[in-house]
Amino acid sequence: EAWISPPLTSLSRTSNHHDDSSYSRIHRRLVLVMEGEDDTSSSTGSIEVDLVFSMPDGYPVRDDATLGVDASIHSAKSGESRKMAMDALPRLLACCREKAADHPGEESVFVVLACADDWVENDWRDFQKDENRKAMIAAAANNSMKKTSSNRSGDNNNESNKKATNHVDNKLMLGRKLIYSHHIIANSKQRAIAELATQYQLGGYAKIGWPGIIVVEGSEEDCLDYYHELKKMRWKHFGVRGEQFVPVKDANDLQGKRAFPHKLQMLGADQMSTLASKCRDAGLESLFKTAMKVYEDDEEQQNEEETIAKGEQQKSSSSSTCVYGVFVLVDHMNNPKKYRKWLQKATKSVGCSLFVKQCYRNDNAQGGRPIIFVGILGQEPTAVNQVLKRWRTSRVDIDAKGTPCLERMMTVLVDGYLEDSAFSSANELLDMI
């Protein structure tokens, strides 16, 4: 549901927030579904959130004109769901405002809407899981304390104390998490990733670059604290995509069941295949595949691991190098330099590769206007589609009068997965055409 509200008159302005009351505003209603609910129309626990965009003077042409973003809870069916939504709302706003700030002087409504939809689809779900897990851990700890206290007061002999201690030890859990980030580039973030892992006694791997992937292992409680500490930093996207839990008897049992190095190891931007190999060697390829949103049930995971143990790695190697691409025909570029620069920036921001090729009829550069082909390759369809959406809604070229304009004459010729692994980058594809 979406609608537009006109600017407020000077007599009806009541907000003492930044003066955006004279701007036109776009409203978008989002539905946050509580975990375990499927039907948003009949859910008793769903929450409706109103996202409001304000467009300042000069938007989107003026270079410093940035889309304003605000949000509020429209309705919540229960007090529990309202509280959870209130806790999550600042994260939604931070995500949307950061996306808007990345596009000053550009049309960014659709880009921010896409960001909000992605947050609802992924981050909201992760947020609920984390909150529910915290509640479960707190409840288990509370029950353990009550039972321990009851045992000690009822029977103070060594046997009862031993049983109480064993009960607490059984609450220990070995946890593994695969954390996915849009990118990990800043040196400060790389240091934080390594130093916090040491502080929480976690091991595993962290691959920097586009995308950034962190795979950690240790106490489940420490894994959660580690994730939340990193989440406080500024990220374009940062969330848990895969996790595993292994019950253990005590701290020694936890250490014995760890599959990754006990000290976090940093991997370079070009070492995605190395990370895949490390996870495969540890028998945890299924965890690695969650980075690509590939999830399997326990039986399929077991069968897959048995296949890998027999040395049949060709299929998994092929699937891990699949590339998604789109091939576009562009009618013309009136300002080729600016146009190409925009394409380079847009594709790089989401970790995609780009090529632009001009072809002339009969190979005659003097024979008139060229035919322009643009190719975009990425590891995920979502990244490529994000570039396409921005492309259609941004002023990437100029018209005959020199005024910035939208691209209205682009045609997607073909899109899909390049599964034969003949090439893994735009440059290799360019060499073939």
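Everything quoted here is computed from the prediction, not taken from an experiment. (Residues numbered from 1 in each chain as written. Predicted model: local features only at pLDDT ≥ 70, side-chain atom pairs only at ≥ 80, totals over all residues. Heavy atoms only, no water.)

Side note on the packing of aromatic side chains
Summed over the entire model, instances satisfying the criterion amount to eight aromatic pairs. The interplanar angle of 20° and the centroid separation of 6.1 Å between the aromatic rings of W124 and F127 together place this pair among those described as stacked. Taken together, the positions of W124 and F127, both in helix 2 (residues 109-154) and three residues apart, correspond to about one turn of that helix. The pair W124 / F127 is uniform in exposure class, with both members buried. Between the aromatic rings of Y227 and F238, the centroid separation amounts to 5.7 Å while the plane-to-plane angle is 5°, which identifies the pairing as stacked. A residue pair is termed long-range when its members are at least 10 positions apart, and Y227 in helix 5 (residues 220-231) and F238 in strand 8 (residues 238-247) qualify at eleven residues. By way of ring pairs, the aromatic residues W119, W124 and F127 are connected into one cluster. Geometry around W235 places K189 over its ring, the cationic atom sitting 4.2 Å from the centre. Taking the ring centre of Y180 as reference, the NZ or CZ of R241 above it sits at 3.6 Å. (Phe/Tyr/Trp six-rings, centres within 6.5 Å; stacked < 30°, edge-to-face > 60°. Helix = DSSP H or I, 4+ residues; strand = E, 2+ residues; numbered from the N terminus. Buried < 20%, exposed > 50% of the residue type's maximum accessible area, 1.4 Å probe, protein only. Lys NZ or Arg CZ within 6 Å of the ring centre and 35° of its normal.)

Section: the sheet that holds strand 5 (residues 173-181)
Read from one edge to the other, the open sheet built from five strands follows the order 8-5-7-6-9, with strand pairing classed as mixed. Because the sheet does not close on itself, it has two edges, and the strands there are strand 8 and strand 9 (265-267). With strand direction ignored, the average angle separating the axes of adjacent strands in the sheet is 15°. Two strands pair when backbone bridges link them, and strand 6 (residues 203-207) and strand 7 (residues 212-219) are joined in this way by five bridges, in the antiparallel orientation. Bridged to K207 within strand 7 is I213. (Pairing = 2+ DSSP bridges. Axes fitted to C-alpha atoms, helices over the stretch in contact; angles between N-to-C directions.)

Looking at the pattern of salt bridges
Within the structure shown, the criterion is met by 16 salt bridges. One salt bridge connects R241 with E380, and the closest N-O pair in it is separated by 2.8 Å. Placement of R241 in strand 8 and of E380 in the loop between strand 12 (371-378) and helix 12 (381-393) is noted, with a sequence separation of 139 residues between them. By the burial criterion, R241 is buried, and E380 matches it. Put simply, K257 and D253 hold a salt bridge, and the shortest N to O gap is 3.6 Å. Taken together, the shared-partner salt bridges connect K177, E220 and E243 into one network. (Salt bridge = Lys/Arg side-chain N within 4 Å of Asp/Glu carboxyl O.)

Details of empty space enclosed by the protein
Scanning the model with the defined rule gives one cavity of 30 Å³ or more in all. Volume-wise, the largest cavity comes out at about 40 Å³. What lines the largest cavity is simply R91, W119, D123, F127, Y227 and K231. For the lining of the largest cavity, the elements supplying multiple residues, two or more each, are helix 2 and helix 5. Top element by residues in the lining of the largest cavity is helix 2. It accounts for three residues. Looking at the lining of the largest cavity residue by residue, the classes come out as three nonpolar, no polar and three charged. (1 Å grid on protein atoms, 1.4 Å probe; cavity = no way out; pocket = protein on both sides within 12 Å on 5 of 7 lines; lining within 4 Å. Points joined across faces, edges and corners; volume = space filled by probe spheres on them. Nonpolar A, V, L, I, M, F, W, Y, C, P; charged D, E, K, R; others polar.)

Focus on the sheet that holds strand 12
Taking strand neighbours across the sheet as the criterion, the four strands line up as 11-12-10-15 in an open arrangement whose pairing is antiparallel. Only two strands of the sheet have a single neighbouring strand rather than two, namely strand 11 (353-359) and strand 15 (410-418). The sheet shows a mean angle of 15° between the axes of neighbouring strands, direction not considered. Note: strand 10 (residues 323-330) against strand 12, seven bridges, orientation antiparallel. Along strand 12, the bridge assignment pairs V328 with V374. Packed onto the sheet, helix 11 (residues 336-349) meets strand 10, strand 11 and strand 12 and runs at close to 155° relative to strand 11. Contacts from helix 12 reach strand 10, strand 12 and strand 15, with the element oriented near 20° to strand 10. (Contact = heavy atoms within 4.5 Å.)

Focus on unusual backbone geometry
Following Y59, the chain continues to P60 via a peptide bond in cis, the omega torsion being 5°. With respect to the helices and strands, P60 occurs in the loop between strand 3 (47-55) and strand 4 (68-76). For the peptide bond that leads from W210 to P211, omega is -15°, which places it in the cis range. Relative to the helices and strands, P211 is located in the loop between strand 6 and strand 7. For Q201, which is not glycine, the phi torsion reads 60° and is therefore positive. One can find Q201 in the loop between helix 4 (187-199) and strand 6.

Structural notes on the environment of F288
Relative to the assigned elements, F288 resides in helix 8 (residues 285-289). In sequence terms F288 and L275 are 13 residues apart; their C-alpha atoms lie 8.1 Å from each other. With sequence-adjacent residues up to four places away left out, F288 is seen in contact with L178, M272, L275, A276 and C279.

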